[in-house]
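# Structure at a glance
This is what each chain is made of:
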Amino acid sequence: MIGHEASRALLDKIDAREAAVTCEAEQTRERIDELTARLRELDEAIDHLRITRKTLISLTGEDDAESAAPPPALPDHPAYQQILTVFADVGRPLRARDLCQALDLPIVSKNTENIRSKLKRLVSRGILIETEPGLFTQPRP
C-alpha cells in the first residue's frame with residue numbers, strides 16, 4: 001500500500017501536470033480564436049473585392065463577357081453536393097448551423113466551422129452568395 005507521503009507526492013505531480021495542460025489548452029483556444037477572427041477578416045476582404053469587381057464590370061457595361069463564362073466548378077468532395085441539395089430543397093438563405101441540422105451533424109463548433117469554410121469556398125467560386133455575414137443563399141438566375 002502506498003504511504004500517505006508517496007500518495008501526496010503523486011497527487012501533487014498530477015495537479016502540476018493538470019495545471020500545465022490546462023494552461024496550454026487555454027493558449028491554444030486563444031490562438032484558434034485569433035485565427036478564426038483573421039479568417040473572417042480575410043473572407044470579408046475577398047467579398048469586398050468581388051463586390052467591387054462586379055460593380056466596376058456593371059458600370060463599364062462588360063456584363064456580357066461575364067455571362068459567357070462557363071459555370072463555376074463544384075469542389076470534388078461529396079459534402080459540397082449535399083450542401084447544394086439542402087439549399088435546393090429549402091429554397092431560402094441558411095447559416096452554417098442550419099446546414100449542420102439539415103445534414104444531421106452535431107451542432108458543435110468543429111462542424112459549424114467546417115461547414116462555414118465549405119460555404120465560403122462555394123461563395124468564392126460564385127456558386128453561393130453571402131447576403132450578410134454568415135447568411136448564405138443561391139444566387140438568383
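Just so you know, the residues in each chain are numbered from 1, in the order the chain's sequence is written. Two thresholds apply to this predicted model, a pLDDT of at least 70 for residue-level local features and 80 or more for giving and counting side-chain atom pairs, whereas whole-chain, interface and lining totals are computed over all residues. Side-chain descriptors were evaluated using all non-hydrogen atoms of the structure, hydrogens and water having been removed beforehand.

### With respect to the overall build of the protein chain
Definition in use: By the criteria applied, helices consist of DSSP H or I runs no shorter than four residues and strands consist of E runs no shorter than two, each listed in order from the N terminus. Radius of gyration means the value over C-alpha atoms here, while the globule rule gives 2.2 Å times the residue count to the 0.38 power.
Across its full length, the protein chain carries five helices and two strands. Scanning the protein chain from its N terminus toward the C terminus, one meets helices and strands in the order α-α-α-α-α-β-β. For 141 residues, the compact-globule estimate of 2.2 N^0.38 gives 14 Å, and the C-alpha radius of gyration of the protein chain, at 23 Å, exceeds that figure by more than 25%. When the backbone C-alpha atoms are referred to their principal axes, the protein chain occupies close to 85 × 30 × 25 Å.

### Looking at the side chain of K120
Condition: Note on classification: 1.4 Å probe, protein chains only; a residue is buried when its accessible area is under 20% of the maximum for its type, exposed when over 50%, partly exposed between these limits. Contacts: residue pairs with any heavy atoms within 4.5 Å of one another.
Structurally, K120 is set in helix α5 (residues 109–124). A residue is classified by how much of its surface remains accessible, and K120, at 16% relative accessible area, is buried. Other than its neighbours up to four places away in sequence, K120 contacts D43, D47, E130 and F136.

### Describing the pattern of salt bridges
Here is the rule we go by: Any carboxyl oxygen of Asp or Glu that lies within 4 Å of a side-chain nitrogen of Lys or Arg is treated as forming a salt bridge with it.
A full pass over the atoms with the stated rule returns six salt bridges. The shortest N-O distance in the salt bridge between R95 and E132 comes to 2.9 Å. Pair noted here: R95 is in the loop between α3 (78–90) and α4 (96–102) and E132 is in strand β1 (residues 129–132), with a separation of 37 residues, a long-range link. Assessed through its relative accessible area of 39%, E132 is described here as partly exposed. The partner of K120 in a salt bridge is E130, and the shortest N-O contact between them spans 2.6 Å. Of this pair, K120 sits in helix α5 while E130 sits in strand β1, placing them ten residues apart in sequence. Pair check on accessibility: K120 and E130 agree, each one buried.

### What about the packing of α3 against α5?
Note the following rule: Here, axes are lines fitted to C-alpha atoms. For helices the fit covers the stretch in contact, and angles between N-to-C directions go from 0 to 180 degrees. To sort the angles, those under 35 degrees are grouped as roughly parallel, those over 145 as roughly antiparallel, those from 65 to 115 as roughly perpendicular, and the leftovers as oblique. When residues are grouped by polarity, Ala, Val, Leu, Ile, Met, Phe, Trp, Tyr, Cys and Pro land in nonpolar, Asp, Glu, Lys and Arg in charged, and all others, Gly among them, in polar.
For the pair α3 and α5, the least separation of the axes is 11 Å and the interaxial angle reads 80 degrees. Taken as axis vectors, α3 and α5 run roughly perpendicular relative to one another. Judged by residue contacts, A79, Y80, I83, L84 and F87 of α3 engage I115, K118, L119, R121 and L122 from α5. In the contact of α3 with α5, the residues fall into eight nonpolar, no polar and two charged.

By themselves, these observations are geometric and do not establish any function.
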